[in-house]
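Chain and residue survey
The primary structure of each chain is shown beneath.
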Amino acid sequence: MFYDLYRDSLFIAKVNVFQFKDLLFFLYKYNLFFVLLIGFLLDLLIGDPYCLPHPIRWIGNLISFLEKKLYLNDPLLSVDQKNKKNFYHGMILTLEVVFCTMFVSMGVLILTRKINIIVYTIIKSVMCYYILATKSLKVESMKVYKALKENDIEKARFAVSMIVGRDTKELDEIGITKAAVETVAENTSDGVIAPIIYLAIGGPVLGFTYKAINTLDSMIGYKNEKYCTFGTFAAKLDDIVNYLPSRISAILMIVSCVFLGKNYDTKNAIFIFKRDRYKHKSPNSAQTESVCAGALNVQLAGDAKYFGKIVKKDYIGDPNRKIRIDDIKSANNMLYTTAFLCIGISLIIRFALGSI
């Protein structure tokens with residue numbers, strides 16, 4: 001009897017050892033598949049808690065610190081001299097931030113890999129989670145929606161000011177709604193689809209490198225008097241890294257209309273995308289905005305005020321109907337469906353490639 005118990009316990013132990021080895025094998029072979037899936041699910045469940053430290057905020061702090069050191073505003077220099085020096089200083093800042101982000105994220109992964117594969121996978125998954133912004137984009141835009149539904153225009157202006165770069169103090173209900181819909185449409189690419197693509201290709205190192213470039217563009221990539229030369233290199237680099245992802249995002253957003261039903265006009269989304277996708281100073285921003293405008297049968301973009309000055313912009317889409325507050329919810333539905341399509345395709349490709 002005791003022998004039988006001993007023999008059974010040894011058998012169970014061997015089975016558990018084999019199961020654990022199988023788990024380790026899968027973590028090794030399909031590591032990027034697992035961390036991408038876990039990171040995406042964490043983003044959907046947790047979002048961006050303000051109480052937790054966030055690496056993207058650290059990148060922003062580094063940019064602000066270096067800007068104070070490198071930006072020139074010397075009255076003794078001529079305008080041409082100042083612009084030339086600021087261009088090179090902006091390029092130096094951009095490269096410092098990008099390579100610092102790349103090497104720090106790489107260092108974290110190398111150190112955790114030396115501990116064991118499980119710790120490595122956990123840390124890598126958390127890093128993927130920090131790079132994605134699906135839930136936070138929805139949460140922040142829905143704050144605008146709720147404020148408008150409560151007829152609290154001041155609260156809505158403040159909420160939308162948290163997610164757009166334009167001046168919001170004079171915006172009415174239509175202006176606030178348009179701004180919220182536009183930022184959801186544009187950031188479907190910048191905040192969700194592009195990060196997923198770069199994570200699927202190169203893991204958190206490439207993902208954080210992309211986010212560093214994107215953060216640089218959002219902080220110093222403006223075409224105003226201060227940043228017109230200082231932020232040029234960062235803005236151009238952002239255009240390059242977003243060129244393909246923005247177009248992939250637009251295609252996936254068109255496909256999402258098929259799944260979302262009759263309230264989303266797939267044919268018009270395709271038509272407006274073809275017609276209006278280049279109606280923006282950035283070669284990428286209007287890609288997803290045009291799809292969103294076409295799908296919802298509304299007109300987006302147009303003139304907007306930045307830093308107290310009116311910036312002329314082309315309209316995107318046709319004013320087939322007046323934009324409604326509920327269009328913010330509709331834009332978020334497109335965001336989530338597009339995100340699920342992208343993560344699904346990325347995971348299938350990643351699983352097929354395995355450890356490559």
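Our structure is the block above this text.
Let us look at the structure shown here. (Residues numbered from 1 in each chain as written. Predicted model: local features only at pLDDT ≥ 70, side-chain atom pairs only at ≥ 80, totals over all residues. Heavy atoms only, no water.)

Observations regarding the overall build of the protein chain
Operational definition: Each helix corresponds to a stretch of at least 4 residues labelled H or I by DSSP, and each strand to a stretch of at least 2 residues labelled E; elements are numbered beginning at the N terminus. Exposure is judged per residue with a 1.4 Å probe applied to protein chains only, and the accessible area is read against the type maximum: over 50% gives exposed, under 20% gives buried, and values in between give partly exposed. Note on contacts: a residue pair qualifies if any of its non-hydrogen atoms lie within 4.5 Å across the two residues. The accessible surface values rely on the Shrake-Rupley method and a 1.4 Å probe; as for residues, cover is taken only from the protein chains in view. Only four residue types enter the charge count: Lys and Arg as positive, Asp and Glu as negative, with His and the chain ends excluded. We put the charge of a Lys on NZ, of an Arg on CZ, of an Asp on CG and of a Glu on CD.
Within the protein chain, the secondary structure is distributed over 12 helices and four strands. Burial statistics for the protein chain: of 356 residues in total, 48% are counted as buried. When contacts within the protein chain are restricted to residue pairs at least 6 apart in sequence, those whose partners lie at least 24 apart make up 72%. Accessible area for the protein chain stands at about 18600 Å²; split by element, carbon and sulfur atoms hold 65% of it. The average position of the 44 basic charges and that of the 32 acidic charges among the side chains of the protein chain differ by 4 Å.

Concerning the environment of I201
Of note, I201 is situated in helix α8 (residues 173-220). Linking I201 and I349, residues 148 residues apart in sequence, is a C-alpha distance of 9.9 Å. When near neighbours in sequence (up to four residues on either side) are disregarded, I201 contacts L32, L206 and R350.

Topic: the nonpolar core
Rule in force here: Only buried Ala, Val, Leu, Ile, Met, Phe, Trp, Tyr and Cys residues count toward a nonpolar core, and they belong to the same one when joined by side-chain atoms within 4.5 Å.
Counting residues in each nonpolar core, the largest one holds 91 residues, and the members touching the most others are L93 and V144. When residues of this core are assigned to their parent elements, the largest contribution, 21 residues, is made by α8.

Section: the packing of aromatic side chains
The condition is simple: Stacked, edge-to-face and tilted labels apply to pairs of Phe, Tyr and Trp rings (six-membered ring for Trp) whose centres lie within 6.5 Å, assigned for plane angles under 30 degrees, over 60, and everything in between, in that order.
Counted under the stated rule, the structure contains 11 aromatic pairs. Centroid distance F40 to F340: 5.7 Å. Interplanar angle 80 degrees. Geometry classified as edge-to-face. Separated by 300 residues along the polypeptide, F40 in helix α2 (residues 31-46) and F340 in helix α12 (residues 327-353) bring together distant segments of the chain. Residue class for F40 comes out buried when judged on its relative accessible area of 2%. Ring centres 5.5 Å apart and planes at 75 degrees place the aromatic pair F87 and Y88 in the edge-to-face group. Residue class for F87 comes out partly exposed when judged on its relative accessible area of 28%.

So, a nonpolar patch on the surface
Stated precisely, the cut-off is as follows: Note that patches include only residues with greater than 30% relative accessible area and no salt bridge, and the join distances are 9 Å for like charges and 5 Å for nonpolar side chains (Val, Leu, Ile, Met, Phe, Trp, Tyr). Take a side-chain nitrogen of Lys or Arg and a carboxyl oxygen of Asp or Glu: if they are within 4 Å of each other, that pair is a salt bridge.
Together, L95, F99, F103, M106 and I110 make up a nonpolar patch on the protein surface, roughly 450 Å² of accessible area in all. Here M106 lies in helix α4 (residues 79-115). M106 sits in the partly exposed class, given a relative accessible area of 33%.

Here we look at the state of the cysteines
In plain terms, the rule: In this description, the term disulfide denotes a pair of cysteine sulfurs within 2.5 Å.
Inspection of every chain in the model, using the stated rule, returns zero disulfides. Left unpaired, C292 is separated from the closest cysteine sulfur, that of C257, by 8.4 Å.

Here we look at the packing of helix α9 (residues 232-260) against helix α10 (residues 266-276)
The criterion, for reference: Every axis corresponds to a line fitted to the C-alpha atoms, with the helix fit spanning only the stretch in contact, and the corresponding angles, defined between N-to-C directions, vary from 0 to 180 degrees. Geometric relationships in this document are graded by angle, where less than 35 degrees denotes roughly parallel, more than 145 denotes roughly antiparallel, 65 to 115 denotes roughly perpendicular, and other angles denote oblique. Crossing handedness is read from the near helix: turned anticlockwise from the far helix by less than a right angle, it gives a left-handed crossing, and turned clockwise, a right-handed one.
Viewed as axis vectors pointing N to C, α9 and α10 meet at an angle of 160 degrees, and their least axial separation amounts to 8 Å. Between α9 and α10, the crossing angle belongs to the class labelled roughly antiparallel. Judged by the sense of rotation from one axis to the other, the crossing of α9 with α10 is right-handed. Counted together, A250, I254, C257 and V258 of α9 and T266, A269, I270 and F273 of α10 form the full contact between these two elements.

A short note on unusual backbone geometry
Phi at N151 is positive, roughly 60 degrees, even though this residue is not glycine. Inspection of the secondary structure puts N151 in the loop between α6 (134-149) and α7 (153-161). With a relative accessible area of 67%, N151 lands in the exposed category. A positive phi angle is found at N297, which is not glycine, with a value near 60 degrees. By the element assignment, N297 lies in the loop between α11 (285-296) and β1 (300-301).

Quick notes on the pattern of salt bridges
Evaluation of the coordinates by the stated rule reveals 11 salt bridges. In this structure, E140 engages K143 in a salt bridge whose closest nitrogen and oxygen atoms are separated by 3.2 Å. Placement of both E140 and K143 in helix α6 is noted, with a separation of three residues, approximately one turn of the helix. For the salt bridge of D326 with K149, the shortest nitrogen-to-oxygen distance reads 3.5 Å. Of this pair, D326 sits in the loop between β4 (315-316) and α12 while K149 sits in helix α6; the two residues are 177 residues apart in sequence, bridging distant segments of the chain. Judged by relative accessible area, D326 falls into the partly exposed class, the value being 35%.

Any link to function would need more than the numbers given here.
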